[in-house]
Amino acid sequence: MRISVIGTGYLGAVHAACMAELGHDVLGVDTDAGKIAALTEGRAPFYEPGLPEILVSAVASGKLRFTTSLADAAAFADVHFICVGTPQLAGSLGADLSHIEAVIDGLAAHLTADCLVVGKSTVPVGTAPRLAARLATLTAEGVTANLAWNPEFLREAFAVQDTLRPDRLVVGVTSAEDDAVLRRVYAPILASGTPYISTDLATAELIKVAANAFLATKISFINAVADVCEAAGADVVTLADALGHDSRIGRRFLNAGLGFGGGCLPKDVRAFVARAAELGAADSVQFLRQVDEFNDSRRHRAVSMARDLVGGTFAGQNVAVLGAAFKPETDDIRDSPALSVASTIHSEGATVRIHDPRASDNARQAHPEMEYTDTPEKACEGADLVLHLTEWSDYREIDPASLLAVVRTPRVLDGRNALPRAQWKAAGWTVRSMGVAVPA
Ligand code: UGA
């Protein structure tokens, strides 16, 4: 099929490459000429494991091309996927839909044949019917452009596998014909038995938002229990392992520590709260405000634990920070808990030296006031405290005994409960972990 993918940010670039991988002829569209130039050469503008390989091969085979012209996209494709961002609106909890509206307006102006427009971006429930009406008004006489919603559940760092082998496909459609088109788009995935949920537009929009709100709630739940563990002399990691054996609960997303960040969970929880309030259901989702606020408090909690470890003030202290990305295996620093903690500690007078295997360049751009190193050891030279804030596997492999030789004082705060605690202790380190009581 001939498919256009509009917006080549994170979601769009992955979706475009994966659609080509499924055998479709794909045109990726973006207003950012720099991004389009890089993608045309098969270069991804961000780090995502597995993406460069399928991008290069799709571009080389001619299955995937890129353009900055919506007119080209309109002339080329039968199915248009909208993958532009829906960030948090400045000064509000709600989502900024201006990019998506601009795409609808731009595309509609150029359409000369019937087609299906499919939203993939995360939007407040009720957005799709409004956009469908806008599309219908703006398209030329005699042209029918239907709108469907097909939310994406991909995780950064696993985006390619999540797109090609998803847990489920969800489509919100208004006709059997549109459903049939989407079944054809995803035919190779459906052939492997992937569950396919075809529903109305509102349910499809809400499934995505509810999924992210649930994941956020699960993380804040375990972090709340972590506080109680610390107060009661217990260990949240063992507790989470035990809870996880209950298949109704499951172990995933029960990792206690610094909490959630990134470009999705925080803003999606807030947008859900804002939209529910517009719909008159504010009280029902009131707890999600607490989920969000409690999540934010984890960063302050980490700063205060770190301050206690260095004797009450950061002035004159050297602090090594391991990890800047919002989670491992990405160079994404959007709303990164690690960077937020690092920058607060820096603002309180510490010299902060940061290492991250992939995200240092992005972090340096956002926070040039802090220092960046190319090895964890260099970040730790002369440190009074080591903070482990993003759980890259590299950090689990650090030999605590050899690191002891480079620091000034062997103290470590594990903000992700991912370091082999016993090993660090045995090597002579003072170890603090979020949710693990200090032994009496
Ligand atoms: C999230 C969802 O997991 C995806 O399903 C969804 O498609 C995506 O948002 C989106 O809306 O586009 P992502 O933002 O890539 O994916 O990251 P997650 O893996 O969900 O992690 C989010 C944050 O939660 C990270 O900061 C991570 O460190 C933190 N986290 C995760 C925890 O603190 N504890 C955990 O147990 C798990």
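Residues numbered from 1 in each chain as written. Predicted model: local features only at pLDDT ≥ 70, side-chain atom pairs only at ≥ 80, totals over all residues. Heavy atoms only, no water.

Chemist: An account of the packing of aromatic side chains is needed here, citing residue identities and associated values.
Modeler: Tallying each qualifying case throughout the model produces three aromatic pairs. Seen from the ring of Phe153, Lys208 lies directly overhead, with NZ or CZ sitting 6.0 Å from the centre. Taking the ring centre of Tyr47 as reference, the NZ or CZ of Arg358 above it sits at 3.9 Å. (Phe/Tyr/Trp six-rings, centres within 6.5 Å; stacked < 30°, edge-to-face > 60°. Lys NZ or Arg CZ within 6 Å of the ring centre and 35° of its normal.)

Chemist: Can you break down the layout of surface pockets residue by residue, with the values?
Modeler: Within this model, the second largest pocket holds a volume of roughly 170 Å³. Surrounding the second largest pocket, 14 residues form its lining, Ala95, Leu97, Pro124, Arg275 and Glu278 being those nearest its centre. Among the elements that line the lining of the second largest pocket, the one with the most residues is helix H12 (residues 265-278), at four residues. Broken down by class, the residue content of the lining of the second largest pocket amounts to seven nonpolar, four polar and three charged. (1 Å grid on protein atoms, 1.4 Å probe; cavity = no way out; pocket = protein on both sides within 12 Å on 5 of 7 lines; lining within 4 Å. Points joined across faces, edges and corners; volume = space filled by probe spheres on them. Helix = DSSP H or I, 4+ residues; strand = E, 2+ residues; numbered from the N terminus. Nonpolar A, V, L, I, M, F, W, Y, C, P; charged D, E, K, R; others polar.)

Chemist: Can you tell me about unusual backbone geometry, naming the residues and giving the values?
Modeler: With phi around 80°, Ala157 is a residue other than glycine that occupies positive phi space. Mapped onto the elements, Ala157 comes out in the loop between strand S6 (145-149) and helix H7 (159-164). Positive phi outside glycine occurs at Glu329, with the angle close to 65°. Structurally, Glu329 can be placed in the loop between strand S9 (318-322) and helix H14 (337-347).

Chemist: Summarise the nonpolar core; cite the residues concerned and give the values.
Modeler: Taken as a class, soluble globular proteins show a tendency for nonpolar side chains to be buried jointly. With 46 residues, the main nonpolar core has Ile345, Ile354, Val386 and Leu387 as its most contacted residues. For this core, the elements supplying multiple residues, two or more each, are helix H13 (286-309), S9, H14, strand S10 (351-355), helix H16 (376-380), strand S12 (385-388) and strand S13 (411-414). With residues near it in sequence (within four places) discarded, Leu387 still touches Ala306, Val319, Ala320, Val321, Leu322, Val341, Ile345 and Leu413. Residues Ile3, Val5, Val59 and Ile189 belong to the second largest nonpolar core, which totals 43 residues. (Core = buried A, V, L, I, M, F, W, Y, C linked by side-chain atoms within 4.5 Å. Buried < 20%, exposed > 50% of the residue type's maximum accessible area, 1.4 Å probe, protein only. Contact = heavy atoms within 4.5 Å.)

Chemist: Pulling in residues and values, what's your account of the site of the ligand?
Modeler: Surrounding the ligand, one finds 21 residues, the nearest of these being Leu154, Glu156, Lys208, Asn212 and Asn255. In this structure, an oxygen atom belonging to the ligand sits 2.8 Å away from a side-chain N or O atom of Asn212. At 3.0 Å, a backbone N or O of Gly261 approaches an oxygen atom of the ligand. Of all the secondary structure elements, the ones that give two or more residues to the shell around the ligand are helix H10 (201-232) and H12. The residue inventory of the shell around the ligand, partitioned by class, reads 10 nonpolar, four polar and seven charged. (Near = heavy atom within 4 Å. Polar contact = N/O pair within 3.5 Å; in protein donor to acceptor, adjacent residues only side chain to side chain.)

Chemist: Requested: an account of the packing of helix H1 (residues 10-21) against helix H3 (residues 51-61), with residues and values cited.
Modeler: Two numbers describe a pair of packed helices, the interaxial angle and the distance between the axes. Two elements in contact, H1 and H3, have axes whose closest approach is 9 Å; the angle formed by their N-to-C orientations is 55°. Relative to H3, the element H1 is oriented oblique. Viewed along their axes, H1 and H3 form a crossing whose handedness is left-handed. Contacts from Ala13, Val14, Ala17, Cys18, Ala20 and Glu21 in H1 reach Leu51, Ile54, Leu55, Ser57 and Ala58 in H3. (Axes fitted to C-alpha atoms, helices over the stretch in contact; angles between N-to-C directions. Parallel < 35°, antiparallel > 145°, perpendicular 65-115°, else oblique. Left-handed = near helix turned anticlockwise from the far one by under 90°.)

Chemist: Hey, could you go over the pattern of salt bridges for me, with residue numbers and the actual values?
Modeler: In total, this model carries 27 salt bridges according to the counting rule given. Of the charged contacts in the structure, one is a salt bridge between Asp227 and Arg298, with a shortest N-O distance of 2.9 Å. On the criterion of sequence distance, the pair formed by Asp227 in helix H10 and Arg298 in helix H13 is long-range, its members being 71 residues apart. Arg408 is paired through a salt bridge with Asp384; the nearest N and O atoms lie 2.9 Å apart. With Arg408 in the loop between helix H18 (400-404) and S13 and Asp384 in the loop between H16 and S12, this pair connects stretches of sequence that are 24 residues apart. Taking the relative accessible area as the measure of exposure, Arg408 reaches 52% and is therefore exposed. Among the charged side chains, a network of salt bridges with common partners joins Asp227, Glu230, Arg298, Arg301 and Arg432. (Salt bridge = Lys/Arg side-chain N within 4 Å of Asp/Glu carboxyl O.)

Chemist: I'd like a description of the pairing of strand S1 (residues 2-6), backed by residues and values.
Modeler: Burial of S1 is extensive: four of the five residues sit out of reach of the surface. Sheet analysis places S1 next to strand S2 (residues 25-29), joined by five bridges and oriented parallel. When the sheet's bridge partners are listed, Arg2 is paired in S2 with Asp25. (Pairing = 2+ DSSP bridges.)

Chemist: So, helix H8 (residues 176-185): which residues are in play, and what are the values?
Modeler: Listing the buried residues of H8 in full gives Asp178, Asp179, Val181, Leu182 and Val185. Projected down its long axis, H8 carries its buried residues within an arc of 155°, all on one side. In H8, the exposed residues that point more than 90 degrees away from the buried face are Ala176, Glu177 and Arg184. (Arc of directions from axis to C-beta.)

In short, geometric facts, not functional conclusions.
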